[in-house]
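# Structural overview
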Amino acid sequence: MHGLFKSSIHCPLCDQTAVLGEPFCVLPLPISKRQTLYFLMYYVPYGAQELPVRFELNIDKNTTVKQIKAKVKQFINIDEETTIMGLAGYDLKKLFSNEATAGDIKTASESTTQTTHIMLYEQKGKSNKIPLMIGFENELTGEVKQVSYVRVLSVEEDMNTAELYVEVIGYFWKYLVEIYDEIYKSKMGVGNSKEFVEDLLVKAGEEKVEDLLAPYFELYIINKQGNTLPLNYSEKVQLKDLDVASLNIVWSRNSRVIISQSINKYSEHNEYITNKAPELHITLNHCFKSFISAEVLDEQNSWYCPQCKAHVQGTKSTLIYRAPHVPVSYTHLR
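### Focus: the packing of aromatic side chains
Counted under the stated rule, the structure contains eight aromatic pairs. With centroids separated by 5.0 Å and ring planes inclined at 85°, the aromatic side chains of Y46 and Y171 adopt a geometry described as edge-to-face. Within this pair, whereas Y46 is found in the loop between β3 (36–44) and β4 (53–60), its partner Y171 is found in helix α3 (residues 161–171), the two being separated by 125 residues in sequence. The class of Y171 is buried, set by a relative accessible area of 3%. Through pairs of rings, three or more aromatic residues link up here, namely Y46, Y171, F172, Y175, F217 and W251. It is R151 that lies over the ring of Y149; its NZ or CZ is 3.9 Å from the centre.

Given below as structure tokens:
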């Protein structure tokens with residue numbers, strides 16, 4: 001006589017649970033695996049005065065962001081409360097809470113490769129965070145090409161556009177000094193680069209600076225509707241009224257050489273951060289636990305909810321309600 005599965009499927013839309021009976025004569029048990037994940041993580045200090053530091057992580061999938069920060073703090077003096085973990089490339093894909101796990105990060109990355117790149121951003125206090133993308137303008141097409149991983153600015157709730165310019169100048173202080181030293185100072189033969197940038201910061205606080213900054217960079221707002229707009233300094237509008245999703249700093253042609261040489265530099269940390277799960281000796285009990293654990297159905301296997309009258313990605317869990325009368329055990333590994 002056949003055995004019987006008792007399956008429960010929970011609908012995320014109407015919160016109803018359906019119970020189904022499914023006969024079986026073969027019980028396929030998955031082989032439980034130890035889940036260790038590999039990441040390349042960059043610790044990004046706030047501002048460009050210090051180089052980012054790259055770590056290699058080989059950690060168990062259940063390691064939390066909080067535990068990763070604690071590991072990093074053994075080598076670098078970081079503030080665990082204000083640093084934030086992000087999945088980032090040329091744009092910021094997602095930020096993670098301290099409770100998120102390495103498995104959550106890997107899933108969010110949708111990466112089919114072995115290595116996932118993540119960022120640990122230093123921040124100033126617990127202020128709002130705005131992604132800052134970094135690009136050059138194509139001289140022929142006028143399109144902006146992103147050339148480095150996204151940074152994250154700390155901004156206050158009531159910050160206006162003029163104050164944002166000051167924040168960006170302070171963030172990229174090091175590059176502005178290098179650009180002035182290599183290009184403008186050599187051409188003009190006057191001035192001290194640090195004094196120049198300090199003067200720029202003062203002027204940014206009291207008068208229009210678009211013309212002063214034009215030889216270096218231009219700032220653009222990308223709003224939550226996806227529109228790109230020049231950042232208007234002179235109006236001094238509060239950022240919260242502009243519906244800002246992210247910023248784009250576009251460096252000038254004269255700045256391109258310095259930025260290209262410096263923007264993606266990092267130092268390699270010689271410590272290999274590990275937090276592996278203990279060696280797992282797989283037993284039949286492990287395989288049974290893996291079999292009965294709940295799973296979220298994918299789109300190809302979505303379930304039709306009679307209450308909602310729609311196909312949904314429900315959560316399914318299965319129990320063995322009745323075993324076959326004459327159980328036969330055999331193992332087939334491939």
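### A closer look at the environment of F55
Its place among the elements puts F55 in strand β4. Spatially, the C-alpha atom of F55 lies 10.0 Å from that of I118, the residues being 63 residues apart in sequence.

### A short note on the side chain of T101
Here T101 lies in the loop between β6 (92–96) and α2 (102–109). For T101, a relative accessible area of 17% gives the class buried. Among residues more than four places away in sequence, those in contact with T101 are K61, N62, T63 and T64.

### Section: α2
A102, G103, I105, K106 and S109 are the residues of α2 that are buried. Projected down its long axis, α2 carries its buried residues within an arc of 160°, all on one side. Buried positions along α2 lie against β3, β4, α1 (65–73), β5 (84–88), β6 and β7 (116–121). Immediately downstream of α2, the backbone of E110 shows phi near 50°, a positive value.

### Some remarks on the nonpolar core
Ranked by internal contacts, the top residues of the largest apolar core, which has 49 residues, are L153, L164, F172, F217, I249 and W251. If you tally residues by element for this core, the top one is α3, at six residues. With residues near it in sequence (within four places) discarded, I249 still touches L132, M133, I134, G135, V168, F172, F217, E218 and L219. One finds V53, F55, I68 and I78 within the second-largest nonpolar core, a separate group that totals 21 residues.

### Some thoughts on the sheet that holds strand β2 (residues 17–24)
Strand order in this open sheet of four strands is β2-β1-β18-β15, and the pairing throughout is antiparallel. Edge positions in the sheet fall to β2 and β15 (295–296), since each of these pairs with one other strand and no more. Of the pairings in the sheet, the one linking β15 to strand β18 (residues 315–322) comprises two bridges and is antiparallel in character. By the bridge assignment for β18, V296 is matched with T315.

### Observations regarding α3
Across the eleven residues of α3, eight count as buried, placing the element largely inside the fold. At the N-terminal boundary of α3, the capping side chain belongs to N160, with an oxygen 3.1 Å from the backbone nitrogen of A162.

### Examining the pairing of strand β8 (residues 128–137)
For β8, a buried count of seven out of ten residues is recorded, marking the element as mostly surrounded by other parts of the structure. In this sheet, strand β10 (residues 151–155) lies alongside β8 in antiparallel orientation, the contact comprising five bridges. Each residue of the ladder has a partner; that of P131, found in β10, is V152. Two elements, β8 and strand β13 (residues 244–251), share five bridges in a ladder whose sense is parallel. Considered in β13, the bridge of M133 is made with N248. Alignment of β8 against strand β9 (residues 144–146), held across three bridges, turns out to be antiparallel. Its bridge partner being in β9, F136 is matched across the sheet by K145. With antiparallel pairing between neighbouring strands as the criterion, β8 and β9 make up a hairpin whose turn holds six residues, including G142 at a positive phi of roughly 80°.

### Details of the pattern of salt bridges
This model, assessed by the stated rule, comprises six salt bridges. The partner of R54 in a salt bridge is E268, and the shortest N-O contact between them spans 3.0 Å. A residue pair is termed long-range when its members are at least 10 positions apart, and R54 in strand β4 and E268 in strand β14 (residues 267–275) qualify at 214 residues. Exposure remark for E268: the relative accessible area of 43% places this residue in the partly exposed category. For D91, the salt bridge goes to K93, with nearest N and O atoms at 3.4 Å.

Criteria and thresholds
- Every chain's residues receive numbers from 1 upward, in the order its sequence appears when written.
- Confidence filtering applies because this is a predicted model: local features only for residues at pLDDT of at least 70, side-chain atom pairs given and counted only at 80 or more, and all residues used for totals across whole chains, interfaces and linings.
- The basis for the side-chain values is all heavy atoms of the structure; hydrogens and waters are excluded.
- Only Phe, Tyr and Trp rings are paired, with Trp represented by its six-membered ring, and only when their centres lie within 6.5 Å; those with planes under 30 degrees apart are stacked, over 60 edge-to-face, the remainder tilted.
- Secondary structure follows DSSP: runs of H or I at least 4 residues long count as helices, runs of E at least 2 residues long count as strands, and numbering of each begins at the N terminus.
- Accessibility here uses a 1.4 Å probe with only protein chains present; expressed as a share of the type maximum, an area under 20% marks a residue as buried, one over 50% as exposed, and anything in between as partly exposed.
- To sit over a ring, a charge needs its Lys NZ or Arg CZ within 6 Å of the ring centre and within 35 degrees of the ring normal.
- By definition in these notes, contact holds between two residues if any of their heavy atoms fall within 4.5 Å.
- Think of the arc as the fan of directions from the helix axis to the C-beta atoms.
- In this text, buried Ala, Val, Leu, Ile, Met, Phe, Trp, Tyr and Cys residues form a nonpolar core when linked through side-chain atoms within 4.5 Å.
- Paired strands are those between which DSSP finds at least two bridges.
- Residues adjacent in sequence count toward polar contacts only when both atoms are side-chain atoms; beyond that, a polar contact is any pair of N or O atoms within 3.5 Å, and within protein one must be able to donate a hydrogen and the other to accept it.
- Whenever a carboxyl oxygen of Asp or Glu lies within 4 Å of a side-chain nitrogen of Lys or Arg, that contact is scored as a salt bridge.

Read these as layout, nothing more, since geometry by itself doesn't imply function.
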